[in-house]
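Each chain, letter by letter, is given below.
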Amino acid sequence: MRLNGISLPHKKGTEIAETAVMPCPEKVRISMSQHMGAPGIPLVKVGDEVKVGQKIGDCETFMTCPVHSGVSGKVTAINDMVLANGKSCKVVEIDCDGKQTVWEGITPPSVTDKESLVRAVRESGCCGMGGAGFPTHIKLNYNEEKCHIDTLVINAAECEPYITSDYREMMENSQNVIDGIKFIKNILGIEKAVVGIEDNKPKAIALFEEKLAGEDDIKVLRLKSSYPQGAEKVIAFYATGRIIMEGSLPSDHGIIVMNVSTVAFINEYIKTGMPFVSRRLTIDGDAVNHACNVRAPIGTMLKDLLAFTDTNPDGIHKIISGGPMMGIGVYDLDTPLCKTNNAFLCFKKPVSIKGIVVSQNQTHCIRCGRCIKACPLGLMPAALERAYDRGDREALNKLKINLCMNCGSCSYVCPAKRDLAEKNQLAKGFALSK
Amino acid sequence: MEKLTVSPSPHIRSEATTSKIMTHVLIALCPALLVSAFVFGGRALMLTGFCILTSMIWERLFNLVTKRQDTTGDMSAAVTGILLAFNLPVTLPYWIAAIGTFVSIVIAKQLFGGLGHNFANPAIVGRIVLLLSFPAAMTNWVVPFYDPQDIVTSATPLANGAAEYKDLFLGLTGGCLGEVSAAALLIGGCYLVAVGVITPHAPIAFIATVYVFSQLTGRDGLYQILSGGVMLGAIFMATDYVTTPITSKGRLIFGIGCGLITCVIRFWCSAPEGVSYSILLMNIVTPYIDMFTGSKPIGAVTHKEPKERKGKKEAAE
């Protein structure tokens, strides 16, 4: 059996370049909401001095992890910021002193079992670095009595066009990735691990196959380059043959799926004790002069990243935070870098690159069935759209609107250029409302 | 600085458009058009061109009268025009052809809301209306390579049952413009499958059903699929997106249904040909086929709550 998928132009022009390190910006804005779940509460006040690695936000809620400062300097303001989902959260603004003094409290954690691993990962502020941003400690804190985890799936598919940050992690930091996999595998007592890499990254596949040559229980899985190969349900299926059922988590099926960069970060943290304060991201798009991968402190403002890549903001029509398929449009150049941000893509107007079309007039659905053949979860976007348009909650639920993961494949393939993915998101909300 | 544009994902779209798909269909119809021009002469091209032109004109006029956006750009009217022409005898007067395209475009398509909302294949409706209204002119078949000054008519091979397989395959027989050459139609069909415009489910199911059913009832299956409109109908009309089922499973059922109805009409009704009626009838049941052949969501949990709840309630009481 195969899941549906579509082929996209890869556009991975930044894959060859070594990651550039962004010098400390003059000012950072660190959002208290870095990932899925509850935002943190600021632990610092205006006027406080902070150092690199110091915890500046946390909260008691279950679905959250702390936020740390990636710079040393002085807190100048704590403001409200509107997030892409319309909610608002606090943002801590820090004027950097440029010295990057490391906080005294940085010590490698001692991890001996699952409980101490979960605690350490929470303290590190780690969340999934692939995009969705599920707090990692919750993923690791599965119920041992209920589920027996036998496979650790390392998601290195990176199926979105343009983005190469995970690829660079694999090429520049492969030992950390492998050590991280072994560490987590041993602590949690997981029998085997599978590293899923798309076949448009032959060098990464070769490197990992070579490095893992002697390991029987860590395998490299060559995945077909097809979108959305890196979606959790899809990669879990190809790695284990198991289907993650509606309403259940991968751990219920004996699987933990982790992003390759997340694993490398955890290994680094266990070694050094430096929490999640910076990350690598891809800056690309036809408006960017010097497209590359950059390592920047969390909280770095978009305008500083653009300046670093020699990009003139005047000619930009659209900026996407994340990939072109699932990323979110950015409306403000002061938007700070957050932990889940694997790319900023900037496009000129009109957004049309060879092989890609952006906006076009919508016409009537001609019932060609391309959306159905594209949906990785076997949904029927054309039928969902009709059900939503006529306000039919019952039909939406019967057609399993709740399974849609908003991968955007249906909209991408539609010849009538209908906004099927957008309608699905609206329909999801509508189906839940009473 | 200009304001940044914010829109929901995905931010990129494929290059496929409705008009590109329709253009592929037009290209796929070209081999059959060339064969008909070769067999029936220049008037075949003239009649086809006339049908395309009038279809576009009717569509544009309708858009103007109803103050709707111009939809001639999607090329679907051209496809309907050429398909209707392929269902006409070469001797048909132009004015009758114009009525045919009017029925196809305005009545069968635009009055229902335009491309995407029509329930029946416009070209099929046009052909059936003409066949019922002008039975003599619509069955005025000529022999291949006829002399326009001295028209000799012949029965279609389907009616007289006397033609070589080779002639049927290549198209050297009498009949409608586009349905004479199975080879040319198959080339077009292969092209459409290769470029991903159609899936082969409906055509294969259609043709195979006609073959098997004919053999089972003691007739010549090969003759049945090569003669008449089976190839044209199966490849170009039973694959019309709008009026056929949306899933592959549904398309298989659609093709089988078309094949069965075609045979029943051919063998036991007074009409010699049943392809267009079979497609029209299956067009009508398409929504019902869709209803029962939806794709199955992966990882869906089907709830059987009502029964369980009832059991629990009773237990509680």
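Residues numbered from 1 in each chain as written. Chains lettered and ligands numbered in written order. Predicted model: local features only at pLDDT ≥ 70, side-chain atom pairs only at ≥ 80, totals over all residues. Heavy atoms only, no water.

**Details of the overall build of chain A**
- Counting its secondary structure elements, chain A contains 13 helices and 17 strands.
- For 434 residues, the compact-globule formula gives about 22 Å, and the C-alpha radius of gyration of chain A, at 21 Å, lands near that figure.
- Its C-alpha atoms give chain A principal-axis dimensions of roughly 65 × 55 × 45 Å.
- Split into buried and exposed, the 434 residues of chain A put 58% on the buried side.
- Partitioning the intrachain contacts of chain A with sequence separation of at least 6 by distance along the chain shows that 72% fall at a separation of at least 24.
- Accessible area of chain A: about 17,400 Å², with a carbon and sulfur share of 51%. (Helix = DSSP H or I, 4+ residues; strand = E, 2+ residues; numbered from the N terminus. Rg over C-alpha atoms; globule rule 2.2 N^0.38 Å. Buried < 20%, exposed > 50% of the residue type's maximum accessible area, 1.4 Å probe, protein only. Contact = heavy atoms within 4.5 Å. Areas by Shrake-Rupley, 256 points an atom, 1.4 Å probe, with all protein chains shown as cover.)

**Some details on the sheet that holds strand 12 (residues 255-259) of chain A**
Residue and element names in this part refer to chain A.
- Taken together, four strands build an open sheet; the order of strands is 11-10-9-12 and the sheet is parallel. Edge strands, defined here as strands with exactly one partner in the open sheet, are strand 11 (218-223) and strand 12. Sheet twist, expressed as the mean angle between neighbouring strand axes with direction ignored, is 25°.
- In the sheet, strand 9 (residues 151-156) pairs with strand 10 (residues 192-198) via six bridges, with the strands oriented parallel. Looking across to strand 10, one finds that Leu152 is bridged to Ala193.
- Relative to strand 12, helix 7 (residues 260-272) is tilted by about 85°, and along the sheet it contacts strand 9 and strand 12. (Pairing = 2+ DSSP bridges. Axes fitted to C-alpha atoms, helices over the stretch in contact; angles between N-to-C directions.)

**Some remarks on the interface of chain B and chain A**
- Contact residues are listed per partner, giving 45 residues for chain B and 63 residues for chain A.
- At the boundary of chain B with chain A, total buried surface from both sides reaches about 4,400 Å², with 57% on carbon and sulfur atoms.
- The three residues of chain B that bury the most area against chain A are Ile12, Arg13 and Ile298 of chain B, which together make up 19% of that side's buried surface.
- Our count for the chain B to chain A interface comes out at two salt bridges.
- The partner of Asp419 of chain A in a salt bridge is Arg13 of chain B, and the shortest N-O contact between them spans 2.5 Å.
- The tally of links from chain B across to chain A stands at 23 residue pairs in polar contact (both at pLDDT 80 or more).
- Residue assignment for the side of chain B that touches chain A shows that the elements contributing at least two residues are helix 1 (18-40) and helix 14 (275-292) of chain B.
- Residues that form the side of chain B that touches chain A fall into these classes: 18 nonpolar, 20 polar and seven charged. (Buried area = accessible area lost by both parts, 1.4 Å probe. Salt bridge = Lys/Arg side-chain N within 4 Å of Asp/Glu carboxyl O. Polar contact = N/O pair within 3.5 Å; in protein donor to acceptor, adjacent residues only side chain to side chain. Nonpolar A, V, L, I, M, F, W, Y, C, P; charged D, E, K, R; others polar.)

**Structural notes on the side chain of Thr309 of chain A**
Residues and elements named next belong to chain A.
- Inspection of the secondary structure puts Thr309 in the loop between helix 8 (302-308) and strand 15 (316-321).
- Thr309 gets classed as buried once you look at its relative accessible area, which sits at 0%.
- Excluding residues within four positions of it along the chain, Thr309 makes contact with Ile283, Val288, Asn289, His290, Cys292 and Val294.

**Concerning the nonpolar core**
- Ranked by size, the top nonpolar core spans 73 residues in total, and within it Phe40, Leu83, Leu88, Leu92, Phe206, Phe236 and Ile279 of chain B carry the most contacts.
- The element contributing the most residues to this core is helix 1 of chain B, with 11 residues.
- Apart from the residues within four sequence positions on either side, Leu83 of chain B is in contact with Leu29, Ala123, Leu232, Phe236 and Met237 of chain B.
- Counting residues in hydrophobic clusters, the runner-up holds 44 residues, among them Ala156, Ile178, Ile190 and Val220 of chain A. (Core = buried A, V, L, I, M, F, W, Y, C linked by side-chain atoms within 4.5 Å.)

**A word on the confidence of the model for chain B**
All names here are of chain B.
- The predicted model of chain B averages 88 in pLDDT, with 89% of residues at 70 or higher.
- A low-confidence stretch, residues 307-317 stays under pLDDT 50, and its non-local contacts, those more than four residues away or across chains, total zero contacts.
- Interface confidence for the predicted complex, given as ipTM, is 0.88, next to a pTM of 0.90. (pLDDT = per-residue confidence, 0-100.)

**Here's the deal with the sheet that holds strand 6 (residues 67-68) of chain A**
All names here are of chain A.
- Spatially, three strands are ordered 3-5-6 in an open sheet, and the strand pairing comes out antiparallel. Both outer strands of the open sheet, strand 3 (41-42) and strand 6, are each paired with one neighbouring strand and no more.
- Relative to strand 5 (residues 55-58), strand 3 runs antiparallel, the two being bridged by two bridges. In the strand pairing of strand 5, Pro42 is matched with Gly57.

**Remarks on the environment of Thr272 of chain A**
Residue and element names in this part refer to chain A.
- Mapped onto the elements of the fold, Thr272 is located in helix 7.
- If sequence neighbours within four positions are ignored, Thr272 has contacts with Ile106, Thr107 and Pro108.
- For Thr272, the side chain forms a polar contact with the main-chain nitrogen of Met274, separated by 3.2 Å.

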